[in-house]
Amino acid sequence: MTDTITTTEPTVNPTPGTVASVSIWVEVERLVLGPNRETNLDLVPGLAESLARFGNFQSVLAMERSDGNYDVIDGAHRVSAAREQDVACLKVEVLGAEQGKLARLQLQFNTGEHARKLSDTDKIYFVGEMLDLGVDYDEIAARYAIELAEAKRIGRVARSARARATVDNGLDLMQASIVDEYAEAGRPEVAESLVAAAAEGRFDRQLRITQRKDEVAAEFEEQAKPYRDRGFRIIDTEPAYNSTEYWRLWSLRTKKGKQVQEKFITDSNASAFAVYFEQGEAYCRVSDGERLGQYQIDFETRWSPQFAATEDRVHFDDIEVKLVYRPVFYCHDLEAAGLVPGSSSDTASATSSDEDEAAQRAAAKAARQLVIKTNQAAREETAERRGWLTKELQKWMNPDKEIPAGLRRFAATRTAADPESLSKYHGRKLAQEWLGTTDLVTLADTLPEDRAFVISLVLAVGALEAMMVTNNDPKYWRYNPAEKRSQFDYLRDCVDYLRLLGKLGHELSPLELVMLGKLTHAEAMEVPE
């Protein structure tokens, strides 16, 4: 057996002056190629002749075996060429056991990825092997030349039998990692819905729906937490009008006979009260979030943003419609609060006329809540539609991708039919956002000639999108194609736009189908007619 010194010196923070690597001359017959190592010297012309004349300048990487031979990790073509030319010895860098395993994995991964693009299953194996050797994600990303986030994603799947099973069932690594995160977080119902959606090609859409629901829940919790911390009971469902479990403040009296108002509630008696958060919408200034009344906003600038707002009002460009929560207080423990129901004379509102008035108020409130709920659904649908559109735009600008039928004609038709719309409704701002630049002229110059039309298309689409939803205020669901005249007739051109998106592969949502006359508003929102 040759007396060898293996390379074990660390590559990070090494000691100056120490040996970084050691190469020795090894007889070619003692260099063992793995059974699956295929070599083709035709792929490396001139290698055999060079070895015969000059030897190998670059050392073969190998690990010493117990029988005195060496397993070749990198250099199989050099070994084959040496055998063909009857070269006696090759220069070999002998690696220690751990470094040899790491080098082998690194070589197999990079060679495989370059030659045939590794499958997700292959990547899971290679990252899992590195993790088993104690290598951290930063080093794995460096050795395999992949992004750190990708290394962590693959590692999560490699470490989870549940995630590996989803890959076997057709999910890609990104999807499997996301599903595993939700399952590990104790949300199996979300994981199951994502797996089911993936089977139908709807994974991204279902994920965005889940994320938006989580965002809404987080916003609600942000509103509710201060009240919960003070001791209030938070209730999710609005109590019935005549509930005796949760009493409305106006129906209660103090023991001295005074009507109860919100200022009666303090931290000392908060535990006797409950809070229901009523959803509403508010116009808020974008720059500072301040809520504004309608009289403070110049609504003319919504349709004509090029004009300045009147001196005492805010331009609609600086307005965003936001979902807000208004706390409504109820008492659930009259004794602890020291309150009593109002007297019979105070509660004589049980007359039929008052009951009718209460029913009308309840119906009006329910209608308003339905509008708020619909607007929220429309915002979610809009985020989904625009997310899909952004991805498709990148494909349409790629000269290697086929241009779908109808796109060029739609761009030309929209520009010819309503050229003024390109500068109205903030469509240009949306186009710049989707394309990632404010300099659309330069972008058009840099695109291949047959793709430059996409700039016109995006401007036209941006105008239509901004007509449908302006500053987070959706109007498109209010358009009814069956009505001959309405204040929302300006949205009529958006119908052809949605039809085109459907033909291009966008899955039309319920409220988008309302605009096409395929569903009623009630059907889309699943409420009784």
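Keep in mind the model is a prediction, meaning the values are calculated, not measured.

What counts as what
- Residues numbered from 1 in each chain as written.
- Predicted model: local features only at pLDDT ≥ 70, side-chain atom pairs only at ≥ 80, totals over all residues.
- Heavy atoms only, no water.
- Helix = DSSP H or I, 4+ residues; strand = E, 2+ residues; numbered from the N terminus.
- Rg over C-alpha atoms; globule rule 2.2 N^0.38 Å.
- Buried < 20%, exposed > 50% of the residue type's maximum accessible area, 1.4 Å probe, protein only.
- Areas by Shrake-Rupley, 256 points an atom, 1.4 Å probe, with all protein chains shown as cover.
- Lys, Arg positive; Asp, Glu negative; His and termini not counted.
- Charge placed at Lys NZ, Arg CZ, Asp CG, Glu CD.
- Pairing = 2+ DSSP bridges.
- Salt bridge = Lys/Arg side-chain N within 4 Å of Asp/Glu carboxyl O.
- Contact = heavy atoms within 4.5 Å.
- Axes fitted to C-alpha atoms, helices over the stretch in contact; angles between N-to-C directions.
- Core = buried A, V, L, I, M, F, W, Y, C linked by side-chain atoms within 4.5 Å.
- Left-handed = near helix turned anticlockwise from the far one by under 90°.
- Nonpolar A, V, L, I, M, F, W, Y, C, P; charged D, E, K, R; others polar.
- Polar contact = N/O pair within 3.5 Å; in protein donor to acceptor, adjacent residues only side chain to side chain.
- Arc of directions from axis to C-beta.
- Phe/Tyr/Trp six-rings, centres within 6.5 Å; stacked < 30°, edge-to-face > 60°.
- pLDDT = per-residue confidence, 0-100.

**A short note on the overall build of the protein**
No. 1: On a plain count of helices and strands, the protein comes out with 20 helices and 16 strands.
No. 2: The C-alpha radius of gyration of the protein comes to 34 Å, more than 25% above the 24 Å expected for a compact globule of 529 residues.
No. 3: In terms of its C-alpha atoms, the protein occupies a principal-axis envelope of roughly 115 × 65 × 45 Å.
No. 4: Expressed as a percentage of the 529 residues in the protein, the buried residues total 42%.
No. 5: Split by element, the accessible area of the protein, about 29,600 Å² in all, is 49% carbon and sulfur.
No. 6: When the 66 basic and 87 acidic side-chain charges of the protein are each reduced to a single mean position, those positions are 4 Å apart.

**Notes on the pairing of strand β3 (residues 60-64)**
No. 1: The element β3 is largely enclosed, with a buried count of 4 among its 5 residues.
No. 2: Pairing of β3 with strand β5 (residues 89-95) involves 4 bridges; the strand directions are parallel. Directly across from valine 60, in β5, lies its bridge partner valine 92.
No. 3: When β3 meets strand β4 (residues 70-74), the two strands line up antiparallel, connected through 4 bridges.

**Regarding the pattern of salt bridges**
When charged atoms on two side chains of opposite charge get close, those side chains can pair.
No. 1: Scanning all chains against the criterion turns up 32 salt bridges.
No. 2: Between aspartate 132 and arginine 159 there is a salt bridge, with its nearest N and O atoms 3.2 Å apart. Taken together, the residues aspartate 132 in helix α4 (residues 120-132) and arginine 159 in the loop between α6 (148-158) and α7 (161-168) connect sequence positions 27 residues apart.
No. 3: What makes aspartate 132 exposed here is its relative accessible area of 54%.
No. 4: In this structure, arginine 451 and aspartate 450 form a salt bridge, with 3.5 Å as the shortest nitrogen-oxygen distance.
No. 5: A relative accessible area of 4% means that arginine 451 is categorised as buried.

**Examining the pairing of strand β13 (residues 319-331)**
No. 1: With 10 of its 13 residues buried, β13 lies for the most part within the structure.
No. 2: Where strand β7 (residues 247-248) meets β13, 2 bridges bridge the pair, whose relative direction is antiparallel. Paired with arginine 248 across the two strands is tyrosine 330, which belongs to β13.
No. 3: Two elements, strand β9 (residues 273-285) and β13, share 13 bridges in a ladder whose sense is antiparallel. Bridged to phenylalanine 273 within β13 is cysteine 331.

**Quick look at the sheet that holds strand β2 (residues 31-32)**
No. 1: Strand order in the open sheet made by the 5 strands is β1-β5-β3-β4-β2, with mixed pairing throughout. Either end of the sheet is taken by a strand with one partner, and the two such strands are β1 (23-27) and β2.
No. 2: Running at roughly 120° to β4, helix α2 (residues 76-84) makes contact with β2, β3, β4 and β5 of the sheet.

**Notes on the nonpolar core**
No. 1: Core analysis: the biggest nonpolar cluster contains 49 residues, and Leu389, Met468, Tyr497, Leu511 and Met515 have the highest contact counts within it.
No. 2: Secondary-structure elements contributing two or more residues to this core are α13 (352-396), α14 (407-417), α15 (427-435), α16 (440-446), α17 (453-468), α18 (493-503), α19 (510-515) and α20 (521-525).
No. 3: When near neighbours in sequence (up to four residues on either side) are disregarded, methionine 468 contacts Arg385, Asp473, Pro474, Lys475, Tyr476, Leu491, Cys494, Tyr497, Leu498 and Met515.

**Here we look at the packing of α17 against α18**
No. 1: Their axes nearest at 10 Å, the elements α17 and α18 cross at an angle of 115°. Of the two possible hands of crossing, α17 and α18 adopt the one that is left-handed. Contacts between α17 and α18 involve Val461, Leu464, Glu465, Met467 and Met468 on the former and, on the latter, Asp493, Cys494, Tyr497 and Leu498.
No. 2: Classifying every residue of the contact of α17 with α18 gives 7 nonpolar, no polar and 2 charged.

**Some details on the side chain of histidine 506**
No. 1: Inspection of the secondary structure assignment puts histidine 506 in the loop between α18 and α19.
No. 2: Given a relative accessible area of 4%, histidine 506 falls into the buried group.
No. 3: Side-chain polar atoms of histidine 506 contact the side chain of glutamate 512, separated by 3.1 Å.
No. 4: Aside from chain neighbours lying at most four places away, what touches histidine 506 is Arg205, Arg385, Trp388, Leu501 and Glu512.

**Observations regarding α14**
No. 1: When α14 is considered as a whole, its buried residues turn out to be Leu407, Phe410, Ala411 and Arg414. The arc that holds every buried residue of α14, seen down its axis, measures 100°, which confines them to one face. Residues Arg409, Ala416 and Ala417 are exposed on α14 and point more than 90 degrees away from its buried face.

**A closer look at the packing of aromatic side chains**
No. 1: What the rule picks out here adds up to 15 aromatic pairs.
No. 2: Taking the centre distance of 4.0 Å and the plane angle of 15° together, the rings of phenylalanine 109 and tyrosine 144 count as stacked. Linking phenylalanine 109 in helix α3 (residues 97-116) with tyrosine 144 in helix α5 (residues 137-144), this pair joins segments that are 35 residues apart in sequence.
No. 3: Phenylalanine 109 sits in the buried class, given a relative accessible area of 1%.
No. 4: A residue is classified by how much of its surface remains accessible, and tyrosine 144, at 1% relative accessible area, is buried.
No. 5: Where tyrosine 227 meets phenylalanine 232, the ring centres are 5.9 Å apart and the plane angle is 65°; that geometry is what we call edge-to-face.

**Looking at the confidence of the model for the protein**
For any part of a model where pLDDT is low, the fine detail of the predicted coordinates should not be relied upon.
No. 1: Per-residue pLDDT for the protein has a mean of 84; in total, 90% of the residues score no lower than 70.
No. 2: Note that pLDDT drops below 50 for residues 1-9; the model gives that stretch 32 contacts with residues more than four away or on any other chain.
No. 3: Low pLDDT, under 50, characterises residues 344-351; the predicted model gives this stretch 6 contacts beyond four residues in sequence or across chains.

**Things to note about unusual backbone geometry**
No. 1: Residues other than glycine seldom take positive phi values, yet aspartate 86 does so here, at roughly 55°.
No. 2: Given a relative accessible area of 68%, aspartate 86 falls into the exposed group.
No. 3: A positive phi angle is found at alanine 145, which is not glycine, with a value near 55°.
No. 4: With respect to the helices, strands and loops of the structure, alanine 145 is situated in the loop between α5 and α6.
No. 5: For alanine 145, a relative accessible area of 66% gives the class exposed.

**Observations regarding the side chain of aspartate 180**
No. 1: Along the chain, aspartate 180 turns up in helix α8 (residues 173-184).
No. 2: Ignoring sequence-local partners within four residues, the contact set of aspartate 180 consists of Arg156, Ser160, Arg162 and Ala163.

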